[in-house]
Number of protein chains: 2
Amino acid sequence: MEGQISQAVIRRLPRYYRYLGDLLSNNVERISSNELSDKMNLTASQIRQDLNNFGGFGQQGYGYNVKYLYDEIGKILGLDKVHNMIIIGAGNLASAIVKYHKFEELGFKTLALFDVREELFGTEINGIKVYSTDDLEIFIKNHNVDICALTLPKENAVAVANKVVNLGVKSIWNFSHVDLELNDSDVVVENVHLSDSLMQLSYNIASRGKI
Amino acid sequence: MEGQISQAVIRRLPRYYRYLGDLLSNNVERISSNELSDKMNLTASQIRQDLNNFGGFGQQGYGYNVKYLYDEIGKILGLDKVHNMIIIGAGNLASAIVKYHKFEELGFKTLALFDVREELFGTEINGIKVYSTDDLEIFIKNHNVDICALTLPKENAVAVANKVVNLGVKSIWNFSHVDLELNDSDVVVENVHLSDSLMQLSYNIASRGKI
């Protein structure tokens, strides 16, 4: 089924998940598509359409059961599984990721950090140890690593990405300012290009006056 | 003209800009749409279409003048202007932003950091001073602040965003894990939701086996 769902819908799912999580923590048990629509700044019909893609969990006259919808979207997003992660590049960005407890709550568990800077070997960030990148091979062989986050300078990113992919890692969360060209097309890459995001902002600033 | 250009094209412009910048620093003077297509993993026809949106800078039999195209896309993206930025929340993410020299090269100049933690007041990150958020009003009145980056916990993000918007800031680069609802519709918001990005990755991991 998922094959036919548009990327636009899929892009919205994490937002639904976040909102429903907020509702849950406020002990809200059910919500109408109209209320959800107000909160999410989407039309009620858009919301019904989106959720119909996944079999539609709403009931006429009742609305959506928040917990049920939250869990179902969680499953669709693969959040019913724990994902083991390593982070390569133990700088500020890695610290920010490791210290943000929400990622672990979502099931993304950072096992280890790696860096080339000797002075960092054996240190810890938030209880997670920093290893030498020379230890990548042995570490990946001995652990079940699902995701590798790349928070290192772009000059080294492509080589390191190909290294971990060759070692069997199948997913990359890429913060390096480069588009990764990987030989293995089975690998899933999610890019966070902060400079692209800033340029997007700048474009919107520049075009604001013209509309 | 910009009004008619699809968001999809606009989303690709920063990538063009990054690639062309790489070419420039490698002293490449011109490039055909075929070569650009190989590099960018888009079809040559897609590239021609994209660039035609902006008047088309290519010449038959010559290709694209790299420097010219780079400058023109830069102008479209508003990168021919300097953007003054402040960052609220002087944690690891703010450090990562301030230390990444590329943002300043692109014209995004961080003037100051703000935080609520007293022990940080007067300290510096990469030469940029950390102020108390109590000083926001006087600082914004005395400086030309174009962009406010929010790298603070989501509990405080909405209140702080509305505060800076009321003080006249027109653009928000939002890293807080919340969608901002602002009263001023003239304000441009660019979100970097890292948890959404991780969920997207997780979705792609989960659906990989099924395709």
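Keep in mind that what you see is a predicted model, and the values were worked out from it rather than measured.

Turning our attention to the overall build of chain A. Regarding its fold elements, chain A presents 9 helices and 9 strands. Principal-axis analysis of the C-alpha atoms places the extent of chain A at approximately 60 × 45 × 35 Å. When contacts within chain A are restricted to residue pairs at least 6 apart in sequence, those whose partners lie at least 24 apart make up 55%. Of the roughly 10200 Å² of accessible surface on chain A, a fraction of 45% belongs to carbon and sulfur atoms.

Residues and elements named next belong to chain A. Look at asparagine 126: it is not a glycine, yet its phi comes out positive at around 55°. Mapped onto the fold, asparagine 126 is located in the loop between strand E5 (124-125) and strand E6 (128-132). Judged by its relative accessible area of 53%, asparagine 126 falls in the exposed class.

One open sheet holds the 7 strands; their spatial order is E5-E6-E4-E3-E7-E8-E9 (chain B), and the pairing between them is mixed. Looking along the sheet, the strands with just one partner apiece sit at the ends: strand E5 (124-125) and strand E9 (188-191) of chain B. Here strand E4 (residues 108-115) of chain B runs beside strand E6 (residues 128-132) of chain B; their pairing, made up of 3 bridges, is parallel. Within the sheet, the bridge partner assigned to Leu113(B) lies in E6(B) and is Val130(B). Seen against the sheet, helix H9 (residues 194-208) of chain A touches strand E3 (83-88), E4, strand E7 (147-150), strand E8 (171-174) and E9 of chain B and runs at an angle of roughly 165° to E9(B). Seen against the sheet, helix H8 (residues 154-166) of chain B touches E3, E7 and E8 of chain B and runs at an angle of roughly 170° to E7(B).

On to the environment of Tyr16(A), then. All names here are of chain A. Tracing the chain through its elements places tyrosine 16 in helix H1 (residues 7-25). According to the relative accessible area criterion, tyrosine 16 is buried, its value standing at 1%. Sequence separation between tyrosine 16 and methionine 40 is 24 residues; the distance between their C-alpha atoms is 7.9 Å. Dropping the residues within four chain positions of it, tyrosine 16 is found in contact with Leu36, Met40, Leu42, Gln46, Ile47, Asp50, Leu51 and Ile73.

Another aspect to go through is the pairing of E4(B). All names here are of chain B. Counting buried positions over the 8 residues of E4 gives 6, a clear majority of the element. The sheet contact formed by E3 and E4 spans 6 bridges and is parallel. Counterpart to histidine 83 in the pairing with E4 is phenylalanine 108.

With that out of the way, let us pick up helix H5 (residues 92-99) of chain A. Judged by how many residues are buried, H5(A) sits mostly within the fold: 6 of 8 residues are covered. Regarding H5(A), the residues found buried are Leu93(A), Ala94(A), Ser95(A), Ala96(A), Ile97(A) and Val98(A).

Each partner contributes to the interface: chain A provides 59 residues, whereas chain B provides 59 residues. Those elements that place two or more of their residues in the side of chain A that touches chain B are H1, strand E3 (83-88), H5, strand E8 (171-174), strand E9 (188-191) and H9 of chain A. Considering every element that reaches the side of chain A that touches chain B, the biggest residue donor is H9(A), with 14 residues. Across the side of chain A that touches chain B, the residue classes break down as 30 nonpolar, 13 polar and 16 charged.

For the match of chain A to chain B, the screw axis carries a shift of 0.0 Å, the RMSD comes to 0.0 Å, and the turn is 180°. Seen this way, the second copy is the image of the first under a two-fold rotation axis. Minimal C-alpha separation from the rotation axis in chain A is found for Asn92(A), amounting to 2.5 Å. The share of interface residues of chain A whose copies in chain B are also at the interface is 100%, consistent with both copies meeting through the same surface.

Moving on, we get to H9(A). Spanning 15 residues, H9(A) covers 21 Å between terminal C-alpha atoms, matching the ideal 21 Å at 1.5 Å per step. A large share of H9(A) lies buried, amounting to 12 of its 15 residues.

For the rest of this paragraph, the subject is the pattern of salt bridges. According to the stated counting rule, one finds 28 salt bridges over all chains in the structure shown. Between Glu137(B) and Lys141(B) there is a salt bridge, and its shortest N-O distance comes to 2.9 Å. Note that Glu137(B) and Lys141(B) are positioned in helix H7 (residues 136-142) at a spacing of 4 residues, about one turn of the helix. Residue classification places Glu137(B) among the partly exposed residues on the basis of a relative accessible area of 40%. Look at the salt bridges and you will find they share partners, linking Arg15(A), Arg18(A), Asp179(B) and Asp196(B) into a network.

Rules and cut-offs
- Within each chain, residue numbers correspond to sequence positions counted from 1 in written order.
- Whichever chain is written first becomes A and whichever ligand is written first becomes 1, with later ones labelled in order.
- Reporting of local features is limited, given that this is a predicted model, to residues whose pLDDT is at least 70; pairs of side-chain atoms are given and counted only at 80 or more, and all residues count toward the totals for whole chains, interfaces and linings.
- Side-chain descriptors were evaluated using all non-hydrogen atoms of the structure, hydrogens and water having been removed beforehand.
- Numbered from the N terminus, helices here are DSSP runs of H or I no shorter than four residues, and strands are runs of E no shorter than two.
- Whether two residues touch is decided by their heavy atoms; if any such pair falls within 4.5 Å, the residues are in contact.
- Computed with a 1.4 Å probe, the accessible areas rest on the Shrake-Rupley method; for each residue, only the protein chains presented here act as cover.
- Relative accessible area decides the class of each residue, using a 1.4 Å probe on protein chains only: under 20% of the type maximum gives buried, over 50% gives exposed, and in between gives partly exposed.
- Think of it this way: DSSP has to see at least two bridges between two strands before they count as a pair.
- To define axes, lines are fitted to C-alpha atoms, for helices over the stretch in contact only, and angles between the resulting N-to-C directions are given on a 0 to 180 degree scale.
- Under the convention adopted here, Pro, Cys and the residues Ala, Val, Leu, Ile, Met, Phe, Trp and Tyr are nonpolar, Asp, Glu, Lys and Arg are charged, and Gly plus all remaining residues are polar.
- Alignment of the copies relies on least squares applied to C-alpha atoms, considering only residues that score at least 70 for pLDDT in both.
- Between the first and last residue of a helix there are one fewer steps than residues, each counted as 1.5 Å, and that sum is the expected span.
- Salt bridge, as applied in this entry: a Lys or Arg side-chain nitrogen positioned within 4 Å of an Asp or Glu carboxyl oxygen.

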